[in-house]
Structures are given as C-alpha cells and as structure tokens.
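# Geometric and topological summary
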Amino acid sequence: MEISSRKLSLTMAEAEKLGSDNAAETHTKDGAVVESNDKKSFTRVWCDGCYDMVHFGHANSLRQAKEMGDYLIVGVHTDEEIRKHKGPPVFNEEERYRMVRAIKWVDEVVEGAPYVTTKDTLEKYNCAFCVHGDDITMTADGKDTYQEVKDAKLYRECQRTAGISTTDLVGRMLLLTRDHLNRSESEEAITSGKGESSPWTGASQFLQTSRKIMQFADTKGPKAGDRIVYVAGAFDLFHIGHLDFLEAAAKEGDYLIVGLHPDSVVNKYKGSNSPIMNLNERVLNTLAYRVVSEVVIGAPYAVSAELMDSFKVDVVVHGITPIFEDYDGADPYAEPKRRGKFKLIDSGNPLTTEDIITRILKNRLDFAERNKKKEKKEIAAYEEYRKQVPSSPKILN
C-alpha cells in the first residue's frame, strides 16, 4: 500500500507538536549545549563541501545547519579542488551547484568555495559560524580543513546521518550487487573493498523513521483551486536530470506530487542491481528538493483511477524516457490518457541514472582507488582522534 509523506508528517506533527519540537532541537555553541529557538538576532550560517552525488545525508546536514540560524549559505568546491584533495568527482561543478541550490533549506550558494574553511571566508559572507557533520574532512596532506575555524570557536557540529555516503553509493555501483535493497543486521557493510572501512563514511544500515520523514516533508497541502501535478518513477540516485524534469513538471500546475515505485517494481523494469538506493533512501532524497510538494511512498506502477481521485490529480506528466508495460502488458498510463489528463514533456536534459552509473563504471579503477585512499586517511585520523578523545564519533539518524 502506498503512503503519502504529507499524511505521515501531519500525523507525527499532531503527536509531537512539530513547531515546538523543531524549535527545541539543540546544537553546540562554544562548547555548550543551547536551545536553537532563540531568533532575536539574524544569523547567517556557512556550510561547505563537495556535495558530489548529492544525497539525503547532505540534505540532512543542511537542514540541521539551517535550524541553527536564519540564512544558510553553502559553498561548493570546484572539480579541480576535489581532484586535488579527494579524487575525481562523479558530478561536475555546474551540476553540483544546481543540485545544492535546489535543496529546500539552502538560501544561497557560493560557487568555487575554497576547500579549506577560513575565518576570512566567514567574514567575507558575514557568517556567524560554519557547520559540519561530526566526521572529519581532510586536505590531500591529511590536515583538518576546519582547524582554523575550530581554533577560532567559529565551528558548530551537526549529526551525521548513518548509513549513507557518496563513498558507499560509489561502492554499491562498483560491486554490482543487490545487497543494498535488503540489508540485514548481520550483513557485511558494502565498501570499496575488503577489510576495515572508515568509521565515519563506511557503509552501515540506514534505518528510516517517521520522525526523519517528518523533518523532510512539507506539511502544507494543496490550496483550494490548486492544479495538482502527478509524476511517478524510481528517481534513483537523484540527479540533475531528475531535477530538471521535476522543475519542468511543476510548471504544469501548482502542487507537485511524486510517486516513488517500490524496489521490486524498479528492479523489474530497470534490471541489474537497480535501484542503487532503496525506497527509504529515495523518499528522503526526493523530499529534500523545494520543487516537490509531496511524495507517495511505494506508488503503484499503473496510475489508477483510485490514485487520481484520492489525490485529485489534474494532470499526469511523464518525460521522454521509455514507458515500460505493466506486468500484464497493459499501458500503466491508460487511465490518465482515458481522462485526457496525460502529458509528455521534454525537460531538455537527457541525463539518466544509467548515465551516472556509466560514469562510475568507465572510471572504475579511479573511483575504487579514490574510495581506498579516502578510507585510509579517515581510519588514520580516527585512530589519532581516539588517542585524544576516548569515545567513538556520534553517528545518529
């Protein structure tokens, strides 16, 4: 049975009083824990990163950072800087700028931000402090990229989201398995190779919760008279092609609902080890973008009369990608076509998830080596960290 992200969010909001709950979330400030609902002054917050293969872990860190202030500025590194310090990026800088700019909590993007965060950068953009997850980011020579702002007490931490990282996603594609679709508690983590994995970005099991969906979802429903647009698909490894399509679809109305197909359905029409990201992960990935009003979780492959009536759909939109037949050979869009409510649109961006996977596989050795070097540096840094602080890093959902 499909589930609406907005209905789930509203149910949780009523139970937990969403507004007061979110305002009460705490964050560290000069070493102390304070309440983040003090909005007496206008606070500009800085985040930066590669944001390669932007995923819900990135979005969740930006969500938390935005809650620490009023205006969120996000610096995104160039391809050249990433190659120098980490290895080849999967998405180019123009794609990454667009993706980050479209995330609902981001107010401004600084293109070509320096890899090492300095006091000068924060002063230039009038930011009170910068925010990063409770993992570590290092330069090519192994130095903490946030050391200067940490020493100046201009650094805040947010909680890293367990079970997701760009390193893990690249590893899933390199291994070409379907383990990520049905992980168990006893499984081995999917990494770039055998042996130890990073204590921060090595793969672990992502556990979806109703609270996490509530944090990402929009609780506002359509207004009277709004034209409701429905699209459906896998939206696996959410990328710039998806974003361009959804932005084009949104122009067909006022309220955009995205139906996400179950993993088994996606695997049936995509094959191989698709989807790379399971349904729980794809839900948060999609909800992170401001163009999306609501998500139907586990949407049926065929757009039925019941679905259209339930969500009061005015138009069903599909891109120029092939439409696969339903299991019985029927057209999955027969009902909206019968009603005269079906429209094909061309977003002008032909990029597909398969193209992204091809990018990885064409440079398989380079990306495998990138993952290996990154994990080696992080393991070494973690061992040094443990000598100084006798506790493991906080990794929470």
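In case you missed it, the structure is sitting above this.
These numbers were taken from a predicted model, which means no experiment stands behind them.

### Observations regarding the overall build of the protein
- The helix and strand inventory of the protein stands at 16 helices and 15 strands.
- A burial count over the protein gives 51% of its 397 residues as buried.
- When contacts within the protein are restricted to residue pairs at least 6 apart in sequence, those whose partners lie at least 24 apart make up 78%.
- Just so you have it, the protein exposes about 18,400 Å², and 49% of that area is on carbon and sulfur atoms.

### Some points on a negative patch on the surface
- A grouping of D120, E123, E148 and D151 is seen on the molecular surface, where their side chains present a negatively charged patch.
- Among the secondary structure elements, those contributing two or more residues to the negative patch are α6 (119-124) and α7 (147-151).
- Along the chain, D120 turns up in helix α6.

### Regarding the pairing of strand β4 (residues 44-49)
- The element β4 is extensively covered by neighbouring structure, given that five of its six residues are classed as buried.
- In the sheet, β4 pairs with strand β5 (residues 71-76) via six bridges, with the strands oriented parallel. Following the sheet pairing, G49 is matched in β5 by V76.
- Taking the sense of rotation as the criterion, the β-α-β connection linking β4, helix α3 (residues 56-67) and β5 turns out right-handed.
- One ladder, built from two bridges, connects β4 with strand β7 (residues 129-133); its direction is parallel.

### Let's talk about the sheet that holds strand β12 (residues 294-297)
- Reading across from one edge, β1-β12-β11-β10-β13-β14 is the order of the six strands in this open sheet, with mixed pairing throughout. The strands lining the two open edges of the sheet, one partner per strand, are β1 (3-4) and β14 (342-344).
- Examined bridge by bridge, strand β13 (residues 315-318) and β14 share three bridges and lie parallel to one another. Paired with H318 across the bridge in β14 is L344.

### What about the packing of helix α8 (residues 166-175) against helix α15 (residues 353-362)?
- Interaxial distance between α8 and α15 falls to 10 Å at its minimum, and their mutual angle equals 80°. One element, α8, and the other, α15, form an angle in the roughly perpendicular class. Listed contacts from α15 to V170, M173 and L174 of α8 are I357, I360 and L361.

### Digging into the packing of aromatic side chains
- Tallied over the entire structure, the rule returns nine aromatic pairs.
- Measuring from centroid to centroid gives 6.4 Å for F235 and F238, while their planes differ by 25°, and the two rings are stacked. For the pair shown, F235 and F238 are each scored as buried.
- Between F238 and Y289, the aromatic rings sit 4.6 Å apart at their centres with planes inclined by 10°, giving stacked as the arrangement. Note that F238 is positioned in the loop between β10 (228-233) and α10 (240-250) and Y289 in the loop between α12 (279-287) and β12, a separation of 51 residues in sequence. Each member of the pair F238 and Y289 is classed as buried.
- Taken together through their ring pairs, the aromatic side chains of F235, F238 and Y289 make up a single cluster.
- The aromatic ring of Y155 is capped on one face by K150, whose charged end is 4.9 Å from the ring centroid.
- Taking NZ or CZ as reference, R156 lies 4.4 Å from the ring centre of F129, over its face.

### Brief notes about the pattern of salt bridges
- Evaluation of the coordinates by the stated rule reveals 18 salt bridges.
- D79 serves as the salt-bridge partner of R96, at 2.6 Å between the closest nitrogen and oxygen. With R96 in helix α5 (residues 93-101) and D79 in helix α4 (residues 79-85), the pair connects residues that are 17 residues apart, well separated along the chain. Residue R96 shares its accessibility class with D79, and that shared class is buried.
- Between D144 and K150 there is a salt bridge, and its shortest N-O distance comes to 2.6 Å.
- The class of D144 is buried, set by a relative accessible area of 17%.
- Through salt bridges that share partners, D309, E335, R338 and R339 make up one connected network.

### Some points on the side chain of D144
- Inspection of the secondary structure assignment puts D144 in the loop between β7 and α7.
- What D144 contacts, discounting residues up to four positions off in sequence, is I136, T137 and K150.

### Remarks on helix α11 (residues 263-270)
- Along α11, the residues that are buried comprise D263, V266, N267 and Y269.
- Against β10 and α12 lie the buried residues of α11.
- One or two steps after α11, the chain reaches G271, where phi turns positive at roughly 75°.

### Thoughts on the sheet that holds β4
- Strands sit in the order β6-β5-β4-β7-β8 across an open sheet of five strands; the sheet is parallel. Each edge of the open sheet is held by one strand with a lone partner, namely β6 (108-111) and β8 (155-158). Within the sheet, the average angular offset between the axes of one strand and its neighbour, ignoring direction, is 30°.
- Where α3 meets the sheet, its contacts fall on β4, β5, β7 and β8, and the angle it forms with β5 comes to roughly 140°.
- Sheet strands touched by α5: β5 and β6. Its angle to β6, the strand with the most contacts, is close to 165°.

### Notes on α10
- Of all 11 residues that make up α10, eight are buried, and the element is covered over most of its length.
- Listed as buried for α10 are I240, G241, H242, L243, D244, F245, L246 and A249.
- Residues of α10 that are buried in the fold lie against α5, β10, β11 (255-260), β13 and α15.

Each value, and the rule that gives it
Residues numbered from 1 in each chain as written. Predicted model: local features only at pLDDT ≥ 70, side-chain atom pairs only at ≥ 80, totals over all residues. Heavy atoms only, no water. Helix = DSSP H or I, 4+ residues; strand = E, 2+ residues; numbered from the N terminus. Buried < 20%, exposed > 50% of the residue type's maximum accessible area, 1.4 Å probe, protein only. Contact = heavy atoms within 4.5 Å. Areas by Shrake-Rupley, 256 points an atom, 1.4 Å probe, with all protein chains shown as cover. Patch = residues over 30% accessible without salt bridge, like charges linked within 9 Å, V, L, I, M, F, W, Y side chains within 5 Å. Salt bridge = Lys/Arg side-chain N within 4 Å of Asp/Glu carboxyl O. Lys, Arg positive; Asp, Glu negative; His and termini not counted. Charge placed at Lys NZ, Arg CZ, Asp CG, Glu CD. Pairing = 2+ DSSP bridges. Right-handed = clockwise from strand over helix to strand, strands pointing away. Axes fitted to C-alpha atoms, helices over the stretch in contact; angles between N-to-C directions. Parallel < 35°, antiparallel > 145°, perpendicular 65-115°, else oblique. Phe/Tyr/Trp six-rings, centres within 6.5 Å; stacked < 30°, edge-to-face > 60°. Lys NZ or Arg CZ within 6 Å of the ring centre and 35° of its normal.

It is worth stressing that arrangement in space is one thing and function is another; only the former is reported here.
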